[in-house]
Amino acid sequence: MNIWQTAPRLMKGMSGFQQAAAGAGLDPVVAELVKIRASQINRCAFCLDMHLTEAREKGERQLRLDLLASWEEAGDLFTEREGAALALTEAVTRLTDGFVPDEVYARAASHFDEAELAALLGQIVAINAWNRFNVAIREVPKSLDASAS
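Residues numbered from 1 in each chain as written. Predicted model: local features only at pLDDT ≥ 70, side-chain atom pairs only at ≥ 80, totals over all residues. Heavy atoms only, no water.

1. A word on the UniProt feature "domain: Carboxymuconolactone decarboxylase-like" (unreviewed entry) in the protein
So, point 1. Per the UniProt record, "domain: Carboxymuconolactone decarboxylase-like" (unreviewed entry) is annotated on residues 8–90.
So, point 2. This span, residues 8–90, is 72% helix and 0% strand, and a straight line between its end C-alpha atoms measures 30 Å. (UniProt positions renumbered as here; feature names shortened; annotations may be inferred. Helix = DSSP H or I, 4+ residues; strand = E, 2+ residues; numbered from the N terminus.)

Below, the structure is given as structure tokens:
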């Protein structure tokens with residue numbers, strides 16, 4: 001399905017939400033890490049392809065991208081602030097117990113002021129929504145689509 005053709009108002013709304021979340025003042029490095037980590041959990045190849053490419057283009061080190069899935073075991077490769085954002089990303093993405101654990105939220109709140117925390121939550125919610133759309137419709141990663149032509 002081409003969801004952009006089928007539901008243009010829905011996609012315009014999603015794009016507007018993403019733009020609002022992106023423009024809310026979150027550190028761009030944290031934003032990319034959050035998008036990649038949520039996309040790993042949700043197994044969204046389309047979003048992984050897009051955000052890994054963007055992160056590399058913005059100068060993110062390959063080692064950090066390689067070890068992002070195991071960030072907790074990566075020593076001091078990720079900052080405390082990044083770790084707090086990644087822990088919140090995992091909790092919001094999984095919601096296995098139906099809520100974000102208080103200690104995870106408190107950890108993030110200790111590293112981000114309220115405006116930054118709202119922006120972080122906006123990014124997490126937005127990427128999870130994009131992941132779900134793309135996984136549901138089996139969207140092909142752009143780099144694979146381009147290589148087929």
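Resuming the write-up.
2. Description of the side chain of asparagine 128
So, point 1. Take asparagine 128: it is sitting in helix 8 (residues 114–136).
So, point 2. Within polar-contact distance, the side chain of asparagine 128 engages the side chain of threonine 93 at 3.0 Å.
So, point 3. Ignoring anything within four residues of it in the chain, the contact list for asparagine 128 reads Ala38, Asn42 and Thr93. (Polar contact = N/O pair within 3.5 Å; in protein donor to acceptor, adjacent residues only side chain to side chain. Contact = heavy atoms within 4.5 Å.)

3. A closer look at the packing of aromatic side chains
So, point 1. Evaluation of the coordinates by the stated rule reveals one aromatic pair.
So, point 2. With 5.9 Å between their ring centres and 15° between their planes, tryptophan 4 and tryptophan 130 make a pair best called stacked. Of this pair, tryptophan 4 sits in helix 1 (residues 3–6) while tryptophan 130 is found in helix 8, placing the two residues 126 residues apart along the sequence.
So, point 3. According to the relative accessible area criterion, tryptophan 130 is buried, its value standing at 13%. (Phe/Tyr/Trp six-rings, centres within 6.5 Å; stacked < 30°, edge-to-face > 60°. Buried < 20%, exposed > 50% of the residue type's maximum accessible area, 1.4 Å probe, protein only.)

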